[in-house]
Amino acid sequence: MKLNSIFQKMAIASAVVCAFFSCSEPKAEVENNSETTTKQVFPHKMPTEKPDIPMSAAMERMFNYPAPRVHDNELFSQFKYTRLQGFDYGEGNGTISRRDSSRPILVDGKYYIWYTKRHTNVPPIGWNRAAEATDEIPSTDWDLADIWYATSEDGFIWEEQGVAVARPPKPQPGWRSVATPDILVWEGKYYLYYQAFDEPSGLRGDWCPVSVSYADSPDGPWTNGGDAVIPFGEKGEWDQDATHDPQPIVYQGKIYLYYKAAYNKWPDVRDQYAVAHGLAIADDPLGPFDKHPLNPVLNSGHETTYFPFKEGVAALAIKDGNERETMQYAEDGINFEVAASLSLTPSAAAPYAPDAFTNTEYGRGVTWGLCHFINAGTPGKGYSIIARFDCDLSLDYDEPTFKKTGVWHRPEVYFAQGLGSLREHPEGR
Ligand code: AAL
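This one's a predicted model, so the numbers in the text were calculated from it and none came from an experiment. (Residues numbered from 1 in each chain as written. Predicted model: local features only at pLDDT ≥ 70, side-chain atom pairs only at ≥ 80, totals over all residues.)

Q: Go over unusual backbone geometry, please, and point to the residues and values.
A: The omega torsion across Lys170 and Pro171 is 5°, close enough to zero to call that bond cis. Tracing the chain through its elements places Pro171 in the loop between strand 8 (158-165) and strand 9 (177-186). Omega for the bond connecting Gly287 with Pro288 falls within 30 degrees of zero, at 5°, which places this linkage in the cis form. When you line up the elements, Pro288 lands in the loop between strand 15 (274-282) and strand 16 (290-291). Here the phi dihedral of Asp100 falls at roughly 50°; this positive angle occurs in a residue that is not glycine. Along the polypeptide, Asp100 turns up in the loop between strand 4 (96-99) and strand 5 (105-107). Of note in this structure, Leu144 is not a glycine but carries a positive phi near 55°. Secondary-structure assignment places Leu144 in the loop between strand 6 (110-119) and strand 7 (146-152). (Helix = DSSP H or I, 4+ residues; strand = E, 2+ residues; numbered from the N terminus.)

Next up, the structure:
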């Protein structure tokens, strides 16, 4: 073969050189007159570390997640749901409701949970009609409620055991309702934190601070250990009207109790509603609790759950705020960053976190827990049910099914979110 062009000769020469000295993969090079510049293009193979090349904001951010590929992200999971056995909701007419379960704890081979239970003669009349509530008529689903508990051997079949903390007599704090409990195990004793209402919720918003009761056994008896242990903030502070959804973990040798408050003109102007979460830290479960100076520590979420994860704390934020439907992570338990965005998240998630109270230095994560559905009834006969969710937010479990990103609902689920009365005024949109 006659080598006519200089380029053909160069190609042969380079092939010969490569045969003797193994050549590296070709670099993307651009000849620009006399200068040769190397084009730094994002590679086809996903880098495990942030590459040292110029990148768009989106690709920079991708390396701030626990793993750039969501399937490898330990804080990403799907959620699978199971109806619980063992709870009686009567005729399902809104007179029996269970909601806002605590996280389960395992004691002598049995899981224990505590939850809000309302068993009233009539269903709730609704938040907006709170002024009409009486000692017999509840305003909301969590009005006129007590804290009950149940046990289970497998987390699917539960046996209701009875009342753990009942409403105390009027005028003691919580006489109107005690609700939304969570548990702490500390030095061999059990502590229940819960919301104590002195008026029907809805009158001035959801007006209640956190009380605590303690016991030597998860079966009780429970003794009141203090009221307003997480007090409201001063007037003008974000948490001036509420400390809700208490959730304690043991972290860095102390009790880190996270809580929620609705703020921003609440309760006067409901549609200006905003929600954030604070942290209060104590050396003793009965307090005093010091609110963290950087509060709020989470700008999104409703009934948010927290668990020890690696050196820090993971949080599941649902429903409210710009960062709703996300897992978040704070290496110091205080400064949370978004770690994954989620679908079909459990409401009021209460995961079984075996190391929530062990003062672990490296949290292992969670695989299941309890949650609730607040729309189990029909309009005017509203009630809630508690349910189980399963997931893979654990370092010790690896089930690829939970790492799938597609969550497919039947068309009926979408059509159930119909336009309703908006359809009457389509021109207004
Ligand atoms: C819940 C929680 C708190 C609120 C109400 C009952 O799901 O956020 O407990 O006060 O709703």
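So much for the structure itself; the text now carries on.
Q: How would you explain the confidence of the model for the protein if you had to name every residue and give the values?
A: Residue-level pLDDT values for the protein average 91, and 90% of them are 70 or greater. Counting interchain partners and residues more than four positions distant, the pLDDT-below-50 stretch residues 1-34 has 13 contacts. (pLDDT = per-residue confidence, 0-100. Contact = placed C-beta atoms within 7 Å.)

Q: Got a sec to walk through the site of the ligand? Specific residues and values, please.
A: Taken together, Asp100, Trp142, Ala179, Thr180, Gln195, Asp206, His244, Asp245, His302, Glu303 and Ala348 make up the full set of residues near the ligand. Mapped onto the shell around the ligand, the elements with two or more residues apiece are strand 9 and strand 13 (244-251). Here the residues of the shell around the ligand sort into 3 nonpolar, 4 polar and 4 charged. (Near = placed C-beta within 6 Å. Nonpolar A, V, L, I, M, F, W, Y, C, P; charged D, E, K, R; others polar.)

Q: Any details on the pairing of strand 19 (residues 326-330)? Residues and values, ideally.
A: The buried fraction of strand 19 amounts to 5 of the 5 residues, a majority that puts the element mostly inside the structure. Bridge count between strand 18 (residues 312-317) and strand 19: 5 bridges; the pairing is antiparallel. Residue pairing for strand 19: Leu316 is matched across the bridge by Met327. Across 4 bridges, strand 19 lies against strand 20 (residues 337-341) in antiparallel orientation. Within the sheet, the bridge partner assigned to Met327 lies in strand 20 and is Ala340. In sequence, strand 19 turns back onto strand 20 through a hairpin of 6 residues, with Gly333 there showing a positive phi of about 75°. (Buried ≥ 20, exposed ≤ 12 C-beta atoms within 10 Å, placed from the backbone. Pairing = 2+ DSSP bridges.)

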